[in-house]
Amino acid sequence: MNEEKLKIKEDAQQWEGGVAKNITFIVTKDCQLACKYCYLVGKNEEERMSWEVAKQAIDYIFDHENDFPERSVVFDFIGGEPFLEIDLIERICDYIKTELFRRQHHWFDSYRFSFSTNGINYDTQKVQRFIEKNASHLSIGITIDGTQRKHDLNRIWKGDGPERGSYNDVVRNIPLWLSQFPGGGTKVTISSADIPYIRESVLHLYSLGIHEVNINVVFEDVWQEGDDRRFEEQLMLLADDIIDGDYYKDYSCSFFSERIGKPLDPVKENNNWCGAGRMLSIDAAGNFYPCTRFAAYSLREKRPIIIGNVRDGINKNRLRPFLTLDRTTQSPQECVDCEVASGCAWCQGENYDAAETPTVYQRSTAICLMHKARVRANNYYWNRLFRKLEKDGSREEFEQNKRNVKPEIC
Amino acid sequence: MLKYLIIQLDSTSTSFCHYAVNRREPCLMPLDTLRKAIRWSMIENVNVQFLYPEYPLPAEYADAIETIDHVKIMQATAADAGKADIVVFDGIASVDADSLSEDMSIVVRTGKKAFFAEYAMLNAILPKVSRLNVVITDIASFADDDFTTYEAALTELAVAVKNEYVGNHPVQFNLLTDRIMLKEMNNCGAGSESLTLAPNGRFYVCPAFYFDDESDSVGDIDNGPSLKNPQLYKLGYAPICRVCDAFHCHRCVWLNRRTTLEVNTPSHEQCATAHIERNASRRLLEAIREVGEFLPGMEIPEIDYIDPFENVRIDR
Ligand code: SF4
Ligand code: SF4
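What you see is a predicted model; the values in this text were computed from it and never measured.

The amide bond that connects A:Gly79 to the next residue, A:Gly80, takes the cis arrangement and shows omega of 15°. When you line up the elements, A:Gly80 lands in the loop between β2 (72–78) and α3 (86–102). A positive phi is found at A:Asp246, a non-glycine position, where the angle reads about 60°. Checked against the element boundaries, A:Asp246 lands in the loop between α9 (227–244) and β7 (252–253). The backbone phi angle of B:Arg251 is positive, close to 50°, even though this residue is not glycine. Tracing the backbone through its elements, the reader meets B:Arg251 in the loop between β11 (224–225) and α8 (253–260).

Laid out in C-alpha cells, this is it:
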C-alpha cells in the first residue's frame, strides 16, 4: 500500500510538468452547494451531459489525433459537482481506455483523469469503486476552505431556509481521501470576506494532514478599500506561524513563492499566464470552449465563446486569438512596467467578462493591490525564513529539499 | 492617428470592400449632420471619402460636399458615376472595358466562384485603368483547393501585368503590385487610421460594423469618437500581423472579428490568400526585372509559409 501511495505522489509531480493537453467534460451544471464566491452564474439542474454527446466528443478527439499532438492528456471532469454524474463518468473513462488501446493512440498509458470535487459524495460506494478501478491514472482534489467558520462562510448547501455550511460533510471524508492521495492538495479561494480567516484556515488544513494548500484570491473585482492591508497582515501572521512552527519543512502554501514579485522582461518573459485555448472544454450541448470559463454558465456579462462542437469539430480560426496571446499585448502599460509583476496572475475568462469590448486582449487588473500586498508579505516571509535557516546552518539542506511549488496555471 | 473619415451619405451607399450593403430603404444623412461632419473633419485635419448612393443627391448636399477636399466613391451604376474618383463595380463581368479611361481607379467586388470563372476578363481591364482593386468578398470561404486555384489565377494575371509594365503602363493592381511598392504595412486601417460616419450621425469602425449592428457605434458627431480598446486596431497589438510582411494585405478588422471574434486576429483564409498574393508579387517582380532594371532596392524574400500564425502560435 505504501508503494502505491508513493507512486501516486510521484505521478502527481510528474504530471505537473505541463506537457499535457487538458480536456474538460462539463458533465453537469448542478451542485449540492451554492458557494457564495462561485463564478458559475448559470448553474442549473437540467444541463447534464448525455452519453451520446460524451462519446461523440471522444470520437472526434481521437479521430483527429494529429490535432492533439501533446505527449499526454488530462481528462478533467467538472461541474457543478462532477461526482453527481459518477455513472456517466465511469462510462466515459471506460470508453476512453478502450479506445486508446484499440486505436493504439499515442496517449495510451499517458493519460490521467482529474477531478476537483466538493468532497461530499467522496465516500459513496460508486465513487470509491471508480477510484479503485482507476487509481493509477487519477488525481482528485477536494475543496475545503479552512476552518469551519471560514468554510461555512461561503460553502453552503443549496436551497431555501436557514444557511447551512458544508464543512462537516466534507471534513469527514478528508482522512479517506488522504489515505488514497497522500500528496493531495486543496484549492482555497479568497474573497473579501475571507481575509480575516486566511491564517487560521491554512494552519487548520495543515492540521488535517493536507500538505499542499493552493490558495488564490479571486480575480473578480470584489475588493473593498483596505482589503490589501488586511490581506498583508494575515499573510504576515501566517508567515510567522509557518516559520516558527517549522511547517515550511514539510508543507506548502502557494501564497509564498520565491518566484513572485520581480519585474518581467517584456520579450523573454512574455508568456500568457492562462492556458485557455490550449485546453478544450465540452458542455452538455456538445459545444467546445477554449476553457470552461467561456461557457455561458460562467459568464456574467458576455456571450459565450464557442470554438466548435462535437458534430462540426473545432473552428480553428476561433482558436487563433488564444494561441497568439502574450502577456504584454493584453496588459496595460502599468503592468508591463510593473516592478513586482511576476506571479501576478489573471484568468482569460474573467478578463473577457470584465473587458470593455468583447475581447480576450484586455487584462483585468482587479487584483493589483492584492498582488502587491502579497508580494510585501512574501518578501517578509523569505527574508525571515532565510535568516532563520542561515542562523541554524540549514539553508543548504533547505534548498536541496524544498518542495517544488509551482504557481498554478488555471 | 486618425487620417481618414469615410462618410456614408446614405444607408444604401455603395460598398467598396468586403461587406455587403444590407439595407434596401434609402435613408439620407441629414444635411445638418453632413455639415457637422465636414466641419469636424476640417478641425481634426482628416481626409474625407464620401460613399454615394445610386440616386442623385439634392443640390444643397452637392454644394456642402464641395466645401471640403474629398474623394467620391460611387457605384458604376450611380446617377453621378461620371463624377466619381473611384468607381465600384459589382462583378468582373459588369465592367465594360471600353467605357474605362486610363486615369480611372476602379474597385471590382466579386465572390470567389465568380472570380475563378471570370478573372481572365481582367486582362482586358488592366490596360485601361490606372488602378484596379479587386475585392474578393467571401475570402472566409476559401478551402484548400481554392488556394491552389487562386495561385494559378494570379500567376496568369501576372503575365498581363508584366506586359503592361514592359509596355510602359505601370498599372496598379492591388493583388499583384501593391506588395512590390511597399516597405511597411499599409492596410485598411479601420479603427486606427480611419473611422466611418453613418447616416445616423454615429461613428463606426467601418461601414461593415454599421451594417452588422447599428448599436455597435463608437461615438457620434456631436461628442466625437469614443472607441474602446483602440490599441487593438493598431499593428503593434496584432500578434500575427506585426511579424508579417504581406504589407499589402487588407488586414480587414471586420473579417477578423467575424472569423476569429477578435479585431486584431486574422483568419487563416485572410493570411493564406494575402501570402499567395505576396508570393505571386515576388515572382512578378523577378519577371519584370528580367526585362530591365525595376525598383532597385525593393526585395521580397522567399519564405516557406503561407500563414504567419504558424510562426507565432504558442502551443507548438
Ligand atoms: S496588476 Fe498591478 S501588480 Fe499586477 S502586474 Fe499589473 S501593475 Fe503589477
Ligand atoms: S497576411 Fe495575415 S498576418 Fe499578414 S497582414 Fe494579412 S492578416 Fe495580418
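Read on, since the account is not over.
Taken together, the contact pairs 22 residues of chain A with 26 residues of chain B. For the pair chain A and chain B, the summed buried area comes to about 2100 Å², and 53% of that belongs to carbon and sulfur atoms. By the criterion of area lost to chain B, the three top residues of chain A are A:Asn317, A:Arg320 and A:Leu323, representing 32% of everything that side buries. In this structure, the connection of chain A to chain B is made through 2 salt bridges. Among the salt bridges present, the one from A:Arg320 reaches B:Asp307, with a minimum N-O distance of 2.7 Å. For the interface between chain A and chain B, the tally reads 12 residue pairs in polar contact (both at pLDDT 80 or more). Among the elements that take part in the side of chain A that touches chain B, helix α10 (residues 316–323) of chain A stands out by supplying 6 residues, more than any other. Across the side of chain A that touches chain B, the residue classes break down as 9 nonpolar, 6 polar and 7 charged.

This part takes up the side chain of A:Gln330. Residues and elements named next belong to chain A. As for its placement among the helices and strands, glutamine 330 is situated in helix α11 (residues 327–330). For glutamine 330, a relative accessible area of 3% puts it in the buried group. Separated by 2.8 Å, the side chains of glutamine 330 and glutamine 348 make a polar contact.

Conventions adopted
Residues numbered from 1 in each chain as written. Chains lettered and ligands numbered in written order. Predicted model: local features only at pLDDT ≥ 70, side-chain atom pairs only at ≥ 80, totals over all residues. Heavy atoms only, no water. Helix = DSSP H or I, 4+ residues; strand = E, 2+ residues; numbered from the N terminus. Contact = heavy atoms within 4.5 Å. Buried area = accessible area lost by both parts, 1.4 Å probe. Salt bridge = Lys/Arg side-chain N within 4 Å of Asp/Glu carboxyl O. Polar contact = N/O pair within 3.5 Å; in protein donor to acceptor, adjacent residues only side chain to side chain. Nonpolar A, V, L, I, M, F, W, Y, C, P; charged D, E, K, R; others polar. Buried < 20%, exposed > 50% of the residue type's maximum accessible area, 1.4 Å probe, protein only.

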